[in-house]
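These are the residues of each chain, in order.
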Amino acid sequence: MTPVSLLWAVLVSMCLGPSVAQTVTQPQPEASVQEAGTVTLDCAYSTSESDYYLFWYKQLPSGEMVSIIRQYAYERQNATNDRYSVNFQKETKAFSLRISDSQMEDAAMYFCAYSGAQ
Ligand SMILES: *[C@@H]1O[C@H](CO)[C@@H](O)[C@H](O)[C@H]1NC(C)=O
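Rules of the game
Residues numbered from 1 in each chain as written. Predicted model: local features only at pLDDT ≥ 70, side-chain atom pairs only at ≥ 80, totals over all residues. Heavy atoms only, no water. UniProt positions renumbered as here; feature names shortened; annotations may be inferred. Helix = DSSP H or I, 4+ residues; strand = E, 2+ residues; numbered from the N terminus. Buried < 20%, exposed > 50% of the residue type's maximum accessible area, 1.4 Å probe, protein only. Contact = heavy atoms within 4.5 Å. Areas by Shrake-Rupley, 256 points an atom, 1.4 Å probe, with all protein chains shown as cover. Salt bridge = Lys/Arg side-chain N within 4 Å of Asp/Glu carboxyl O. Near = heavy atom within 4 Å. Polar contact = N/O pair within 3.5 Å; in protein donor to acceptor, adjacent residues only side chain to side chain. Core = buried A, V, L, I, M, F, W, Y, C linked by side-chain atoms within 4.5 Å.

Under the annotation held in an unreviewed UniProt entry, the chain carries the name Ig-like domain-containing protein and is attributed to Muntiacus reevesi. Listed in UniProt under the heading Subcellular location (unreviewed entry), the comment for the chain reads: "Cell membrane".

Right, dumping it as structure tokens:
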């Protein structure tokens, strides 16, 4: 089993929308997982809005940012996409990404992002 290193950002702040600043925080600088294993990347966010989207992006080796999963704040189910799923906790404003059956190509930078819905 080869360890897969998942590097990701310590802190990403985004300011989207006219006046309100929201932040997302990724508390761990990196995580590693055995091939075929499952890894969780945490993200906490703050906002005073109730209607918004949350995303996880993966940065490809080319630098391109690809949206891998999207959660709408009023959706009652955790979003899933292939080997990706999230644990969305609106009450505590937590949005972790879970990658199952980890592959070598999962080694990348992952970014959590917030977008207001209006
Ligand atoms: C996502 O899954 C977790 C763990 O099962 C659960 O606690 C949480 O309520 C779920 N969130 C949504 C939006 O369904």
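After that view, the rundown keeps rolling.
Section: the overall build of the chain
Secondary structure summary: the chain contains 0 helices and 12 strands in total. Secondary structure elements of the chain occur, N-terminal to C-terminal, as β-β-β-β-β-β-β-β-β-β-β-β. Counting the 118 residues in the chain, one finds 37% classified as buried. Residue pairs at least 24 apart in sequence account for 56% of intrachain contacts in the chain once pairs closer than 6 positions are excluded. Summing over all exposed atoms, the chain offers an accessible surface of approximately 6600 Å²; the carbon and sulfur share of this is 50%.

Points about the pattern of salt bridges
Opposite charge on two side chains makes pairing possible when the charged atoms of those side chains draw close. Scanning all chains against the criterion turns up 1 salt bridge. The shortest N-O distance in the salt bridge between D106 and R83 comes to 2.9 Å. Of this pair, D106 sits in the loop between β11 (94-99) and β12 (109-116) while R83 sits in the loop between β9 (80-81) and β10 (84-89), placing them 23 residues apart in sequence. In this pair, the class of D106 matches that of R83, namely buried.

Here's the deal with the site of the ligand
All residues adjacent to the ligand are E75, R76, Q77, N78, N87, F88 and Q89. Take R76: an N or O atom from its main chain is 3.0 Å from an oxygen atom of the ligand. In this structure, Q89 approaches the ligand through a side-chain N or O atom, which is 3.1 Å from an oxygen atom. In the complex, the protein chains occlude 52% of the 360 Å² of accessible area that the ligand would expose alone.

Remarks on the nonpolar core
In a soluble, globular protein the nonpolar side chains are often hidden away together inside. Counting 24 residues, the largest nonpolar core has W56 and L97 as the members making the most contacts within it. Among the elements of the structure, β4 (30-34), β5 (39-41), β7 (52-59), β8 (65-72), β10, β11 and β12 are those that each provide at least two residues to this core.

Quick look at the environment of R98
Of note, R98 is situated in strand β11. According to the relative accessible area criterion, R98 is partly exposed, its value standing at 43%. For the pair R98 and L41, spaced 57 residues apart in the sequence, the C-alpha separation amounts to 6.5 Å. If we ignore the near neighbours within four places in the chain, the residues touching R98 are T38, V39, T40, R83, Y84 and S85.

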